[in-house]
Number of protein chains: 2
Amino acid sequence: MSFKEELVRQASLVDKALNEYLPPAGSYPSVIHEAMRYSVFAGGKRLRPALVLASAKAVGGDEKKVLPAACAIELLHTYSLVHDDLPAMDNDDLRRGRPTSHKVYGEAIAVLVGDALLTLAFGLLAGLPQTGPLGTGGVVHVITEVAEAAGTAGLIGGQVVDILSAEKLVDKQTLKYIHSCKTGALYRASVRVGAMISGASPEQLNKLTVYAENLGLAFQIVDDILDIEGDEQKLGKPVGSDIKNQKATYPALHGLSGAKEMARQAAEQATGALYHFGSEADFLRGLIYFVLQRDN
Amino acid sequence: MSFKEELVRQASLVDKALNEYLPPAGSYPSVIHEAMRYSVFAGGKRLRPALVLASAKAVGGDEKKVLPAACAIELLHTYSLVHDDLPAMDNDDLRRGRPTSHKVYGEAIAVLVGDALLTLAFGLLAGLPQTGPLGTGGVVHVITEVAEAAGTAGLIGGQVVDILSAEKLVDKQTLKYIHSCKTGALYRASVRVGAMISGASPEQLNKLTVYAENLGLAFQIVDDILDIEGDEQKLGKPVGSDIKNQKATYPALHGLSGAKEMARQAAEQATGALYHFGSEADFLRGLIYFVLQRDN
């Protein structure tokens, strides 16, 4: 199976599970359940859940066992997008070519959609199988890991600093903080929970963590580059908004070629971290090139 | 120790623990940690955490063991207030006589404060002691219970229906749904997790659940009555806003004396549910009268 076929297979596995885990669109009060599904099934690439499944596989684990965790991470990612898009935050009307949640359902419901996805994510994690290498203690450990990644030392902290930095020229260190929190924390948590649930050794866990941090960094730099060099139609959103909004980005602080070199180096670090893994980690390797070469 | 002294003792225990569990106000990025503390230490009565501690005591448990759960429930309650006060929701400028979070820190930070408190709540639950009657399986069970109470079948569902019902004349059944979700779900979860962690029997758990549901109902009815008959100075907010906003309330749908009779009946049900408990449940009994007679 090619890398792309495997990515499609994983995404469809995750979509099927998400469809099962999310309350039915018709269940009372239906507007919130409809709105949750609208944002979850909005054509996301499912990269984070793919990381959960693939890191489980890389350490010899069973992807079915980590599926609730993969879905939980995707719900967290979706919640953060819904709240980030709010008028009080980034005020975005479009996401992946479709109107954002608050444009369709109104601001109040959009706030509650984010809250509900965040809450459901923890509910799913608590439903992880309590058998296997880590047992119930492991489930609790996984929940702690995710709560930290999603909290003010992770996802939320990154968004706070991002908001405070709006229209300011931030330094390289602040930019690094924003992205290691906003993107890095969930990438990191994805590989770590996938590996933890599958009984990874501390050594494997460390290597996968280095892999994820560098993959997240490469992803973010490419994101910034696409906002300059990307194709609006493929991206499903207008380009040039970062420059228009005077947003601190890797190209803005390091130059376009400097940013490209940084992405290349991060990809190299990510590849190096997988050195001692066998062919079970080939999908993780493929993901590095996918992230570097993506056009949307 | 009188009931009021015991309530003060519990509140101070909870406040001390919350102070420990919340990130220090100065830790980076400080605005979010300051803002979290601003809303958590806003003079709340700490009734929900008191319920957690007291239900543990009622079944012979140790209040220290349930303290993280008590704090988690208070964080959930605070998150829901911060988000409910947002301009897109109830648009409230004052809460307990102080400016609401978004008035002080802006809307973006207020959204993130709610998100952060919700996330931290689950982090705290994952930190519950994994020893005792329920073990680690119990911790996972507790997290499931809380995620359900806080989700779209609980807290969030109630808020959704409340918003959809704004300026509409809802029927008695809808009013009951809104409050059994918005107030009832967390009251219910409070006694249940306190009792579960302390190794309550299924019989005890059922009785305490009936107690909490009726206590929550009485609390809500009294809330509605205070908006008509209350003293603005003691309440720390203007009265009459429900009538002005044509809000569906118990007095509006059942008449003022009908609502008072309902509160009395709920209190009687709550008292009856504690019949087989000994003096260890005296605080829970006292809480019924406290809720009925409160003036703020």
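Residues numbered from 1 in each chain as written. Chains lettered and ligands numbered in written order. Predicted model: local features only at pLDDT ≥ 70, side-chain atom pairs only at ≥ 80, totals over all residues. Heavy atoms only, no water.

Describing the overall build of chain A
No. 1: When its secondary structure is counted, chain A shows 15 helices and 2 strands.
No. 2: Counting only C-alpha atoms and orienting by the principal axes, one finds that chain A spans roughly 50 × 50 × 35 Å.
No. 3: Within chain A, the fraction of its 296 residues that count as buried is 56%.
No. 4: Summed over its atoms, the accessible surface of chain A is roughly 12,000 Å², and 51% of this surface lies on carbon and sulfur atoms. (Helix = DSSP H or I, 4+ residues; strand = E, 2+ residues; numbered from the N terminus. Buried < 20%, exposed > 50% of the residue type's maximum accessible area, 1.4 Å probe, protein only. Areas by Shrake-Rupley, 256 points an atom, 1.4 Å probe, with all protein chains shown as cover.)

A closer look at the pattern of salt bridges
Residues and elements named next belong to chain A.
No. 1: Following the criterion strictly, the structure yields 31 salt bridges over all chains and no others.
No. 2: Here arginine 9 ties to glutamate 6 by a salt bridge, and the two come within 2.9 Å at their closest N and O atoms. One end of the pair is arginine 9 and the other is glutamate 6, both in helix 1 (residues 3-21) and 3 residues apart, which spans about a single turn.
No. 3: The partner of lysine 103 in a salt bridge is aspartate 93, and the shortest N-O contact between them spans 4.0 Å. (Salt bridge = Lys/Arg side-chain N within 4 Å of Asp/Glu carboxyl O.)

Some points on the packing of aromatic side chains
No. 1: Evaluated as defined, the whole model comprises 11 aromatic pairs over all chains.
No. 2: Consider the rings of phenylalanine 3 of chain A and phenylalanine 290 of chain A, whose centres lie 5.6 Å apart with planes at 45°: the pair is tilted. One end of the pair, phenylalanine 3 of chain A, is in helix 1; the other, phenylalanine 290 of chain A, is in helix 15 (residues 282-293), with 287 residues separating them in the sequence.
No. 3: In textbook terms, an aromatic cluster arises when at least three aromatic residues are bridged by ring pairs, as seen for Phe3, Phe283 and Phe290 of chain A.
No. 4: The ring of tyrosine 38 of chain B carries the charged tip of arginine 98 of chain B above its face, separated from the ring centre by 3.9 Å. (Phe/Tyr/Trp six-rings, centres within 6.5 Å; stacked < 30°, edge-to-face > 60°. Lys NZ or Arg CZ within 6 Å of the ring centre and 35° of its normal.)

Remarks on a nonpolar patch on the surface
No. 1: A contiguous nonpolar patch, built from Ile228, Ile243 and Leu256 of chain A and spanning about 260 Å² of accessible area, is present on the exposed surface.
No. 2: Note on isoleucine 228 of chain A: relative accessible area 37%, which makes it partly exposed. (Patch = residues over 30% accessible without salt bridge, like charges linked within 9 Å, V, L, I, M, F, W, Y side chains within 5 Å.)

A look at the relation of the copies chain B and chain A
No. 1: When chain B is fitted to chain A, the residual RMSD is 0.0 Å, and the transformation amounts to a turn of 180° plus an axial shift of 0.0 Å. What we have between these two chains is a two-fold relation.
No. 2: Of the interface residues in chain B, 100% have counterparts in chain A that sit at the interface too, so the contact is made through matching surfaces. (Least-squares fit on C-alpha atoms with pLDDT ≥ 70 in both. Contact = heavy atoms within 4.5 Å.)

A look at the interface of chain B and chain A
No. 1: Taken together, the contact between chain B and chain A spans 44 residues of the former and 44 residues of the latter.
No. 2: Both sides of the chain B and chain A interface together cover about 3,400 Å² of buried area, and 78% of this is carbon and sulfur.
No. 3: Three residues stand out in chain B for area buried against chain A, namely Thr119, Val140 and Thr152 of chain B, and they jointly supply 16% of the buried area on that side.
No. 4: Residue assignment for the side of chain B that touches chain A shows that the elements contributing at least two residues are helix 2 (30-40), helix 4 (63-84), helix 6 (107-126), helix 7 (135-150), helix 8 (155-164) and helix 9 (172-197) of chain B.
No. 5: Take the side of chain B that touches chain A: its biggest share by element is 12 residues, from helix 6 of chain B.
No. 6: For the side of chain B that touches chain A, a count of residues per class yields 29 nonpolar, 13 polar and 2 charged. (Buried area = accessible area lost by both parts, 1.4 Å probe. Nonpolar A, V, L, I, M, F, W, Y, C, P; charged D, E, K, R; others polar.)

Things to note about the side chain of arginine 294 of chain A
All names here are of chain A.
No. 1: Residue position: arginine 294 is located in the segment after helix 15.
No. 2: Residue class for arginine 294 comes out buried when judged on its relative accessible area of 8%.
No. 3: At 3.0 Å, the side chain of arginine 294 and the backbone oxygen of phenylalanine 219 are in polar contact.
No. 4: Among all residues touching arginine 294, those that are not within four sequence positions of it are Lys45, Phe219, Val222, Asp223 and Leu226. (Polar contact = N/O pair within 3.5 Å; in protein donor to acceptor, adjacent residues only side chain to side chain.)

Let's talk about the nonpolar core
No. 1: If you look at the biggest cluster of nonpolar residues, it comprises 177 residues, and the most contacted ones within it are Leu75, Leu125, Tyr211 and Leu284 of chain A together with Leu125, Tyr211 and Leu284 of chain B.
No. 2: For this core, the element with the highest residue contribution is helix 6 (residues 107-126) of chain A, accounting for 15 residues.
No. 3: What leucine 284 of chain B contacts, discounting residues up to four positions off in sequence, is Leu51, Ala54, Ser55, Ala58, Leu208, Tyr211 and Leu274 of chain B. (Core = buried A, V, L, I, M, F, W, Y, C linked by side-chain atoms within 4.5 Å.)

A few points about the packing of helix 10 (residues 202-229) of chain B against helix 14 (residues 256-273) of chain B
Residue and element names in this part refer to chain B.
No. 1: Two elements in contact, helix 10 and helix 14, have axes whose closest approach is 8 Å; the angle formed by their N-to-C orientations is 155°. With respect to their mutual orientation, helix 10 and helix 14 come out roughly antiparallel. Of the two elements, helix 10 crosses helix 14, and the hand of that crossing is left-handed. Facing Lys207, Val210, Tyr211, Asn214, Leu215, Leu217, Ala218, Ile221, Ile225, Ile228 and Glu229 of helix 10, the residues of helix 14 in contact are Leu256, Ala259, Lys260, Met262, Ala263, Ala266, Gln269, Ala270 and Ala273.
No. 2: Residue classes in the contact of helix 10 with helix 14 are distributed as 15 nonpolar, 2 polar and 3 charged. (Axes fitted to C-alpha atoms, helices over the stretch in contact; angles between N-to-C directions. Parallel < 35°, antiparallel > 145°, perpendicular 65-115°, else oblique. Left-handed = near helix turned anticlockwise from the far one by under 90°.)

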